[in-house]
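What follows is the residue order along each chain.
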Amino acid sequence: MDIAALRSANPDHWNKAAAIRALTLDAVHAANSGHSGMPMGMADVATVLYEKHLKFDAADANWPDRDRFILSAGHGSMLLYSLLYLTGYEGMTLDQIKNFRQLGAITAGHPENFLHDGIETTTGPLGQGIANSVGFAIAEEVLRARYGRQLVDHHTYVIAGDGCLMEGVSQEAITLAGRLALSKLIVLWDNNNITIDGEVGLADRTDQPKRFASAGWEVIQVDGHNPDEIDAALTKAKRSRRPTMIACKTHIALGHAAQDTSKGHGALTDADQLQAAKEAYGWTGGPFEVPDDIKSAWEEIGRRGAQERAAWEARLAGASERRQAEFARIMAGDTPKKLSSRITALKKQISAEEPKVATRKSSEMVLEVVNPIMIETIGGSADLSGSNNTRSGDMTVFDTNNRKGRYIHYGIREHGMAAAMNGMALHGGVRPYGGTFMCFTDYARPSMRLAALMQVPTVFVMTHDSIGLGEDGPTHQPVEHLAISRATPNTYVFRPCDTVETAEAWELALKSTSTPSVLSLTRQGVPTLRTEHRQRNMTSFGAYVMANFNAERKAILMATGSEVHVAMAAREMLEAEGIGTRVVSMPCWELFEEQDEAYRKRVLPGGDFVRVAVEAGVRQGWDRWLCGERGRPKKTGFVGMDSFGASAPAEVLFEKFGITAEAVAEKVKSLL
């Protein structure tokens, strides 16, 4: 690669791009850790994007109509941190760059959205960023259709590498974006042909441009170090009616001794080689020094969008007060004032009518009440709409001919669906939820984990939540999945026992601003247990007394979901024998943990009580409530699963695996 020719051909551009490369080398060298090659290779592409195309104002990182930039190849985080520092974002200081990858710095090893407003999404697990971007683009389309181009008209740009495109979730994202013709989505592929182990050909021979084209994308191929070609490609991409992939042929670790090698992917820390690379760039500044003229030029780029932002603010101010208030509410993530009263009215109706329905149907009943007033919800399913019950009657399908649609057919793409929903939640202005069978949390899991890490309130509707789904058998019967979700920090796992608890769970999930929710819902019908109307949202306590002792106090039964009615039936048997039994419904362990000790002690008092937990899943996690919270290990028992399920009708399976009222009552008596 002729570095001298690149420098001389476009000296102003070269110097700005060299600032990214120099800061990257210095930060990785100081940390003795990181990934140098990608920022060095994609510096030219990023410079053209920020200087000539990206609509942003560094003075207002949260401007709603800004373009979104997603670094899917999150290991190259110094590219993003350099751009945020150079363009003048508040908080991204030179000291933060100097403390790259150090404890307490906002410049973490991989970008984390909650550390700085200029970071749109948390990336690093490859493929997640490009999959998030589909959700960003969907949110933009929906909001533009609702509020018009005067208020919503922006692009989502993604830098993705070979690793992102090898991950399976990228295929789910690419094909969905192509099918939906998300024309505001532009992916810049860092085509450097290098992975950690060596050249891409070691493991892959995919023709990526043909792959994208076959999925309905516009494809443009450019020299990733030629600013004129990059500029022209971005200009063309913005005019396309399809999503665009720009294949940028680049050299990883450009100008360094490790250029075009797998060594160039990682931390380039050799001091002599670092200095040689800087000399090749014509860079004269010392460590972490950016010459004033270059820094000023970058800061001017950071101010480039100020006038456009001011014009947008004027257009917003010219809208009606109602429109302004609604736009402000949905962008802030606030729920409508009517939500709680609608939920309360539904609860009262259900308590009076006492229907016996599956909680997946209960969920649909709640959505029929919620979605008409909460216009920002966007529902969907991974090809299981009729099973997940996620589409309410007022929802039309989001498609190329209906951008106002609020229901998405994700196809069999559980992982892509979850990642896209995270993107929508991060974009703002919409509240995504989507459904699949609970067993397929296995497929959605990486994005569910990231929702928790990123502190976004995505709602994962997981139906068919136990052996109760019946004949489909153990491949589809989740037994360990509740434990997996409960083990994830910052996640609410709701397993409601009836329609009333389902309504309460939805209210809490929709009011959450920084915690995702998993709704664990049954296929089989369950009776209404909350027959006495309570205005208060009892699920908000996480656990509460469903039925109390009558006879001498002997036992406490704890249960969730469809097994609460099993516990209630067992209680009747025990009380009839003079064994006083309390039933505690525990729809959300995480919320119960948040209660003060005094409340938890009232629900689960100490003393010589037998405690038995009932749940059609594995025991893991239950000892927190059986043996902890003043429990006595020798007087505890569990009625649930310790194996995979089987293929048979639900009622046969509950009998087969001993999850019955009789078995619960016998367990209690054996421990007395």
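The sections below set out a description of the structure shown in this document. As the structure is a prediction and not an experimental result, all values here were calculated from the model.

This part is about the sheet that holds strand β7 (residues 377–381). Two pairing modes exist for strands in a sheet, parallel and antiparallel, and in both the strands are linked by backbone hydrogen bonds. Strand order in the open sheet made by the six strands is β8-β7-β9-β10-β12-β11, with parallel pairing throughout. Whereas interior strands pair on both sides, the edge strands pair on one side only; in this sheet they are β8 (407–409) and β11 (492–494). On average, each strand axis in the sheet is tilted by 20 degrees relative to the strand beside it, whichever way the strands run. Pairing analysis gives five bridges linking strand β9 (residues 431–437) to strand β10 (residues 459–463), with the strands arranged parallel. Pairing of Phe437 across the sheet is with Thr463, part of β10.

Time to look at the packing of helix α16 (residues 359–370) against helix α21 (residues 499–511). Between α16 and α21, the least distance of the axes is 9 Å, while the angle of their chain directions is 55 degrees. As the angle between them shows, α16 and α21 are arranged oblique. As for how α16 packs across α21, the hand of that crossing is right-handed. On the side of α16, the interface is formed by Thr359, Ser362, Ser363, Met365, Val366, Leu367 and Val370, while α21 contributes Thr499, Thr502, Ala503, Trp506 and Leu510.

Moving on: the pattern of salt bridges. Side chains carrying opposite charge are able to pair once their charged atoms draw close together. Scanning all chains against the criterion turns up 42 salt bridges. As a salt-bridge pair, Arg66 and Glu120 come within 2.8 Å of each other at their nearest N and O atoms. Of this pair, Arg66 sits in the loop between α3 (37–53) and β1 (68–71) while Glu120 sits in the loop between α5 (94–98) and α6 (128–147); the two residues are 54 residues apart in sequence, bridging distant segments of the chain. Here Arg66 matches Glu120 in class, with each residue buried. Between Glu313 and Arg309 there is a salt bridge, with its nearest N and O atoms 2.7 Å apart. Taken together, the positions of Glu313 and Arg309, both in helix α13 (residues 306–317) and four residues apart, correspond to about one turn of that helix. Relative accessible area serves as the criterion here: at 18%, Arg309 is assigned to the buried category. Through salt bridges with shared partners, a single ionic network connects Glu593, Glu597, Arg600, Arg624, Glu629 and Arg630.

What counts and how
- Residues numbered from 1 in each chain as written.
- Predicted model: local features only at pLDDT ≥ 70, side-chain atom pairs only at ≥ 80, totals over all residues.
- Heavy atoms only, no water.
- Pairing = 2+ DSSP bridges.
- Helix = DSSP H or I, 4+ residues; strand = E, 2+ residues; numbered from the N terminus.
- Axes fitted to C-alpha atoms, helices over the stretch in contact; angles between N-to-C directions.
- Parallel < 35°, antiparallel > 145°, perpendicular 65-115°, else oblique.
- Left-handed = near helix turned anticlockwise from the far one by under 90°.
- Contact = heavy atoms within 4.5 Å.
- Salt bridge = Lys/Arg side-chain N within 4 Å of Asp/Glu carboxyl O.
- Buried < 20%, exposed > 50% of the residue type's maximum accessible area, 1.4 Å probe, protein only.

In short, geometric facts, not functional conclusions.
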